[in-house]
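# Overview (structure and organization)
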Amino acid sequence: MTVYYRDDSVEVTSALLRVDAAAYPISQLEYVWHKKTRFTSRGAARRLVRWLIVTALTLPGVLLALCVIGLPFIQVDGELRVGVLVLGIVAGVVLAIALAPLLEVPLTVLDRINDRGLEQHELWAQVVGEQVMLLQTHDGLRFGQIYRALQRAVEETG
């Protein structure tokens, strides 16, 4: 028996597909397909969090750029204007370097959201003439691994 995929809740072997407590012999899977649903509450929440993180990460840079662009238009003596412009740029760079370590947490969350995806993936099969949803997950990477493993198992028995 060949094991194609295994995690805590799913196991795909050359003989059996096990999802949680349910088990399906590979030989009984007549047709296997997948669906991707567009809107779920979990996907909407992830989309909102992603939008908030991207906004929070880009807004300070945009505001700093606007300040730097606006500095030359301050009505001050010619000598002081250049000094204020240089001071503004240096302060912006120092602030960016000081805040850079704080970006790790939101960027990690953003990576996790992008890895898992926003859609809900469903794995379906026709088992002894009946359509059965085998698996439902938001984790796109995991779903792809399971689906490919199941394809290999079905091809081997077919």
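The paragraphs below set out a description of the structure included in this document.

## Thoughts on the pairing of strand β3 (residues 16–19)
Judged by which residues are buried, β3 turns out to be one-sided: Leu17 and Val19 face inward and are buried, whereas Leu16 and Arg18, on the alternate face, are not. The pairing of strand β2 (residues 10–13) with β3 spans 3 bridges and is classified as antiparallel. Bridging across to β3, Glu11 finds its partner in Arg18. Remark: 2 residues form the turn of the hairpin made by β2 and β3, two consecutive strands paired antiparallel. As judged from the 4 bridges shared by β3 and strand β4 (residues 22–25), these two strands associate in the antiparallel manner. Along β4, the bridge assignment pairs Arg18 with Ala23. Between the end of β3 and the start of β4, which pair antiparallel, lie 2 residues, with Asp20 showing a positive phi angle near 55 degrees.

## Section: unusual backbone geometry
The residue Asp20 is not glycine, and still its phi comes out positive at about 55 degrees. Within the element layout of this structure, Asp20 appears in the loop between β3 and β4. Residue classification places Asp20 among the exposed positions, given a relative accessible area of 55%. Residues other than glycine seldom take positive phi values, yet Val128 does so here, at roughly 50 degrees.

## Some words on the sheet that holds β3
The 4 strands lie next to each other as β1-β2-β3-β4, forming an open sheet whose pairing is antiparallel. The outermost strands of the open sheet, each flanked by one partner alone, are β1 (3–6) and β4. Sheet twist, expressed as the mean angle between neighbouring strand axes with direction ignored, is 10 degrees. Against the sheet, helix α4 (residues 140–157) engages β1, β2 and β3, with an angle of about 155 degrees to β1.

## Re a nonpolar patch on the surface
A cluster of nonpolar side chains, Leu59, Val62, Leu63 and Leu66, forms an exposed patch at the surface whose accessible area comes to about 370 Å². With respect to the secondary-structure elements, Leu59 resides in helix α1 (residues 41–70). With a relative accessible area of 44%, Leu59 lands in the partly exposed category.

Definitions and limits used
- Numbering of residues starts from 1 in every chain and runs along the sequence as written.
- Only residues with pLDDT of at least 70 are given local features in this predicted model, and only at 80 or more are side-chain atom pairs given and counted; all residues enter the totals for whole chains, interfaces and linings.
- Values shown for side chains rest on all heavy atoms present in the structure; no hydrogens or waters enter the calculation.
- A simple rule labels every residue: compare its accessible area, found with a 1.4 Å probe on the protein chains alone, to the largest value its type can have, and call it buried under 20%, exposed over 50%, or partly exposed in between.
- Only runs of H or I of at least four residues qualify as helices and only runs of E of at least two qualify as strands under DSSP, and these elements are numbered from the N terminus.
- Should DSSP find at least two bridges between two strands, the strands are regarded as paired.
- Axes here mean lines fitted to C-alpha atoms, for a helix over just the part in contact, with angles spanning 0 to 180 degrees between N-to-C directions.
- Any two residues having at least one pair of non-hydrogen atoms within 4.5 Å are treated as being in contact.
- Nonpolar side chains (Val, Leu, Ile, Met, Phe, Trp, Tyr) are joined into patches within 5 Å and like charges within 9 Å, using only residues with over 30% relative accessible area and no salt bridge.
- Residue-level accessible areas treat just the shown protein chains as cover; the underlying method is Shrake-Rupley with a 1.4 Å probe.
- Take a side-chain nitrogen of Lys or Arg and a carboxyl oxygen of Asp or Glu: if they are within 4 Å of each other, that pair is a salt bridge.

Keep in mind these numbers describe shape, not what the thing actually does.
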